[in-house]
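# Overview (structure and organization)
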Amino acid sequence: MPALGVGTNRWNASASNQARFRDTLAAALDAGMGFFDTAEVYSFGRSERAIGTAARADGRPLLVASKFAPLPHRLTATQFESALEKTLVRLGRDSLDLHYLHFPYSPVALSTWMRAMASAVRAGRIRAVGISNCSPAQMRKAADALARYDIPLAANQVQYSLLHRKPESDGVLGACQRMDVALVAYRPIAGGAVGTGSRKSSGRSALADTLREVAAAHGASATQVALAWLLARDDHVIAIPGATRPEHVRENAGALSLALSEEEFAAIDRASAPTPSR
Ligand SMILES: NC(=O)c1ccc[n+]([C@@H]2O[C@H](COP(=O)([O-])OP(=O)(O)OC[C@H]3O[C@@H](n4cnc5c(N)ncnc54)[C@H](OP(=O)(O)O)[C@@H]3O)[C@@H](O)[C@H]2O)c1
């Protein structure tokens, strides 16, 4: 997997947007970011369909991750298999490079869904298994369930950005390091806010100032610096900034070649730390 992918939860496949999605997908492949993150629930399947349409028009191979939503009425492996089949049909593919359990809240045990995922790996429908929004304890449960089938847990997708550093304090980043699991960071640019400092609070505007200073020194943008910081934080981090425009993908790809000095990394680290409450 490349260290940066493209989030597609706003790819809604309306005819008027499809040409833009095709250009966005092509820009990502040109820039070495040919890894697309989708889910069956994004725009009720329209995001998966939009990726499939754009990929067919482009013709180049790409990596795709999608997610199974364990909704309360979904209780059996057969329902999982049927949902996966529909995902593959929408994407126009025979297999997924990575398939996640979208969230752990389900009347069904995590191990049951992992067993269904393992069967799909054996059947050649999934290449790697991930989970999303899971705690370190849930990561351990999922990894143990998969280990019975000699399948490693590949990823835990959680929210992680300079404005949301919870994975550092709740143990998820540490668990990813110890278990050698990718931490796939969603909302890595806080919906676009991380580069502009549009949120108010002294800690956050200090962050925007620091990002701008570092960006100016590199002839880069603040968003690129924010993404480069996440990637430099740990080798296990893969970020999937959402984008529906080719210019955003091209800008974000610049983070892949942006090397921060130790001083710059530390200055951003200090500026983004939460302001202590008095
Ligand atoms: N597992 C989960 O539960 C979960 C939850 C939320 C999201 N996700 C995944 O994570 C992905 C990323 O999260 P997200 O899309 O919510 O938030 P995000 O990546 O932090 O931000 C996406 C927003 O930033 C804008 N943007 C992208 N590049 C930019 C740039 N260089 N400069 C300024 N603005 C820029 C995008 O605009 P344009 O659209 O105009 O390009 C979009 O409005 C999603 O697409 C989805 O695949 C997963």
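Structure: see above.
In this text, all values refer to a predicted model and were calculated from it rather than measured experimentally.

## Here's the deal with helix H12 (residues 262–272)
- Inspection of H12 places Glu264, Ile268, Ala271 and Ser272 among the buried residues, and these make up the whole buried set. In an axial view of H12, the angular spread of the buried residues amounts to 90 degrees, which keeps them on one side of the axis. Looking at H12, the residues exposed on the side facing more than 90 degrees away from the buried face are Glu262, Glu263 and Arg270.

## A closer look at the nonpolar core
- Residues Phe80, Met114, Met139, Val194, Leu211 and Ile268 are the most contacted members of the largest nonpolar core, which totals 81 residues.
- It is helix H10 (residues 222–233) that provides the largest number of residues to this core, a total of eight residues.
- Ignoring any residue separated from it by four or fewer positions in sequence, one finds Ile268 in contact with Leu162, Leu207, Thr210, Leu211, Val214, Val225, Trp229 and Leu260.
- Among the nonpolar cores identified, the runner-up in size contains 10 residues, and Ala65, Val184, Ile238 and Ile240 belong to it.

## So, the site of the ligand
- In the neighbourhood of the ligand, 28 residues make up the surrounding shell, with Asp37, Gly191, Gly242, Thr244 and His248 lying closest.
- At a separation of 3.5 Å, an oxygen atom of the ligand approaches a polar side-chain atom of His102.
- Within the backbone of Arg187, a nitrogen or oxygen atom sits 3.1 Å from an oxygen atom of the ligand.
- Coverage of the ligand by the protein amounts to 87% of the 910 Å² it exposes when considered alone.
- If you map the ligand onto the pockets, it falls in the largest pocket.
- Per-element accounting of the shell around the ligand gives the leading share, three residues, to helix H11 (residues 246–253).
- Residue composition of the shell around the ligand, by class: eight nonpolar, 14 polar and six charged.

## Observations concerning the packing of aromatic side chains
- If you walk through the whole model with that rule in mind, you get six aromatic pairs.
- Ring centres 6.4 Å apart and planes at 20 degrees place the aromatic pair Phe103 and Tyr105 in the stacked group.
- On the accessibility criterion, Phe103 (22% relative accessible area) is partly exposed.
- We classify Tyr105 as exposed; its relative accessible area is 60%.

## Points about the pattern of salt bridges
- A complete count under the given rule lists 14 salt bridges for this structure.
- Among the salt bridges present, the one from Asp30 reaches Arg60, with a minimum N-O distance of 2.8 Å. Of the two residues, Asp30 sits in helix H1 (residues 15–30) while Arg60 sits in the loop between helix H2 (46–58) and strand E3 (63–68), which places them 30 residues apart along the sequence.
- Of the charged contacts in the structure, one is a salt bridge between Asp269 and Arg165, with a shortest N-O distance of 2.5 Å. Taken together, the residues Asp269 in helix H12 and Arg165 in the loop between strand E6 (153–159) and helix H6 (166–169) connect sequence positions 104 residues apart.
- By relative accessible area, Asp269 is classed as partly exposed at 28%.
- Through salt bridges with shared partners, a single network forms among Arg165, Glu168, Arg233 and Asp269.

## Here we look at the pairing of strand E4 (residues 98–101)
- Because side chains alternate across E4, one face comprises the buried residues Leu98 and Tyr100, and the other comprises His99 and Leu101, equally buried.
- The pairing of E3 with E4 spans four bridges and is parallel. What sits directly across from Ala65, in E4, is Leu98.
- Taken together, E3, helix H3 (residues 77–91) and E4 constitute a β-α-β crossover, and its handedness is right-handed.
- As paired strands, E4 and strand E5 (residues 129–132) are joined by three bridges and run parallel to one another. What sits directly across from Leu101, in E5, is Ile131.
- Following the backbone out of E4, through helix H4 (residues 110–122) and into the adjacent parallel E5, one traces a crossover that is right-handed.

The rules we used
- Residues numbered from 1 in each chain as written.
- Predicted model: local features only at pLDDT ≥ 70, side-chain atom pairs only at ≥ 80, totals over all residues.
- Heavy atoms only, no water.
- Buried < 20%, exposed > 50% of the residue type's maximum accessible area, 1.4 Å probe, protein only.
- Helix = DSSP H or I, 4+ residues; strand = E, 2+ residues; numbered from the N terminus.
- Arc of directions from axis to C-beta.
- Core = buried A, V, L, I, M, F, W, Y, C linked by side-chain atoms within 4.5 Å.
- Contact = heavy atoms within 4.5 Å.
- Near = heavy atom within 4 Å.
- Polar contact = N/O pair within 3.5 Å; in protein donor to acceptor, adjacent residues only side chain to side chain.
- Areas by Shrake-Rupley, 256 points an atom, 1.4 Å probe, with all protein chains shown as cover.
- 1 Å grid on protein atoms, 1.4 Å probe; cavity = no way out; pocket = protein on both sides within 12 Å on 5 of 7 lines; lining within 4 Å.
- Sits in = over half its atoms within 2 Å of the grid points.
- Nonpolar A, V, L, I, M, F, W, Y, C, P; charged D, E, K, R; others polar.
- Phe/Tyr/Trp six-rings, centres within 6.5 Å; stacked < 30°, edge-to-face > 60°.
- Salt bridge = Lys/Arg side-chain N within 4 Å of Asp/Glu carboxyl O.
- Pairing = 2+ DSSP bridges.
- Right-handed = clockwise from strand over helix to strand, strands pointing away.

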